[in-house]
Amino acid sequence: MAYNLLVYDTKYGSTELISRWISEEMEDIEVKKPKEIESIKEYKLIVIGSPNYDDEPLNSISQFIEKFKEDLKEKKIAIFVVCNDLEEMEYKGRRVGGKYNLEILKNRLPVENIVLEEVFGGVLNAKILDDEDQEKVAKSFSEIGKVIKKEDLIFMPVMNKLDLGKCKEFAEKLSNL
Ligand SMILES: Cc1cc2nc3c(=O)[nH]c(=O)nc-3n(C[C@H](O)[C@H](O)[C@H](O)COP(=O)(O)O)c2cc1C
């Protein structure tokens, strides 16, 4: 039986790929989406991974944390966030970036149980975004003075910050916990 559970969700696939890369380096881990999880009682370590959208983890991840908040108090927890801004920075008077995303996730969890945390780069490919997300990306460009039409986003280069080596390192640290 697996001792560890990695729970993740994704909108466009980066967090799924990262979760797979991590789990492929480990022998004793199950990888599931929140909707597949009935109970977490049998696991020792819970790894939680989510991208951020509009300064929030994905809803399904927030709901998972809320649903199992009592059980999580009894578990070792590791977390990772997936984003494009790996470094923390100021954007229009607010903090953005990986470290900030970690804090947002941590605020929902029993912090004293968190034994490992990491920020991973993901992929932002404007071509595959749904209509609403393309709208948001175009708006965020215009807010920084770069007017770009939604239909022109298909010419935007793919931002790919995936890092297999970093996933392997994280998996090794998880295995040594
Ligand atoms: C509409 C939209 C909103 C986003 N909002 C944030 C955000 O608030 N903070 C952040 O760090 N990244 C944000 N991102 C970047 C995504 O988190 C990043 O592309 C991530 O790799 C997506 O992961 P996924 O492929 O697993 O869904 C946003 C991306 C889109 C398209």
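Notes on the structure follow.

Analysis parameters
Residues numbered from 1 in each chain as written. Predicted model: local features only at pLDDT ≥ 70, side-chain atom pairs only at ≥ 80, totals over all residues. Near = placed C-beta within 6 Å. Helix = DSSP H or I, 4+ residues; strand = E, 2+ residues; numbered from the N terminus. Nonpolar A, V, L, I, M, F, W, Y, C, P; charged D, E, K, R; others polar. Buried ≥ 20, exposed ≤ 12 C-beta atoms within 10 Å, placed from the backbone. Pairing = 2+ DSSP bridges. Right-handed = clockwise from strand over helix to strand, strands pointing away. Contact = placed C-beta atoms within 7 Å. Axes fitted to C-alpha atoms, helices over the stretch in contact; angles between N-to-C directions. Parallel < 35°, antiparallel > 145°, perpendicular 65-115°, else oblique. Left-handed = near helix turned anticlockwise from the far one by under 90°.

1. Observations regarding the site of the ligand
The environment of the ligand is formed by 24 residues, the closest being S14, T15, P51, C83 and G122. Contributing elements (two or more residues each) for the shell around the ligand: helix 1 (14-24), strand 3 (45-53), strand 5 (76-83), strand 9 (123-124) and helix 5 (131-143). Considered class by class, the residues forming the shell around the ligand number ten nonpolar, eight polar and six charged.

2. Here's the deal with the pairing of strand 2 (residues 29-32)
Here strand 2 shows one buried face, formed by I29 and V31, and one open face, formed by E30 and K32. As judged from the four bridges shared by strand 1 (residues 4-8) and strand 2, these two strands associate in the parallel manner. The residue bridging L6 from the neighbouring strand is V31, located in strand 2. Once the chain exits strand 1 it traverses helix 1 before rejoining the sheet at strand 2, and the crossover so formed is right-handed.

3. Points about the environment of L129
Inspection of the secondary structure puts L129 in the loop between strand 9 and helix 5. The exposure class assigned to L129 is buried, which follows from the 20 C-beta atoms found within 10 Å. Considered as a pair, L129 and L5 are 124 residues apart in the sequence and their alpha carbons are 29 Å apart. With residues up to four places along the chain from it excluded, the contact list for L129 reads Q134 and V137.

4. Regarding the packing of helix 1 against helix 6 (residues 164-175)
Two elements in contact, helix 1 and helix 6, have axes separated by 8 Å at closest approach and are oriented at 50°. By the angle class used here, helix 1 and helix 6 are oblique. As helix 1 runs across helix 6, the sense of the crossing is right-handed. Across the interface between the two elements, I18, W21 and I22 from helix 1 touch L164, C167, F170 and A171 from helix 6. Here the contact of helix 1 with helix 6 is composed, by residue class, of seven nonpolar, no polar and no charged.

5. Observations concerning unusual backbone geometry
At D54, a position not held by glycine, the phi torsion is positive, near 50°. Mapped onto the fold, D54 is located in the loop between strand 3 and strand 4 (56-57). For D55, which is not glycine, the phi torsion reads 65° and is therefore positive. Inspection of the secondary structure puts D55 in the loop between strand 3 and strand 4.

Bear in mind that shape data such as this cannot, by itself, settle questions of function.
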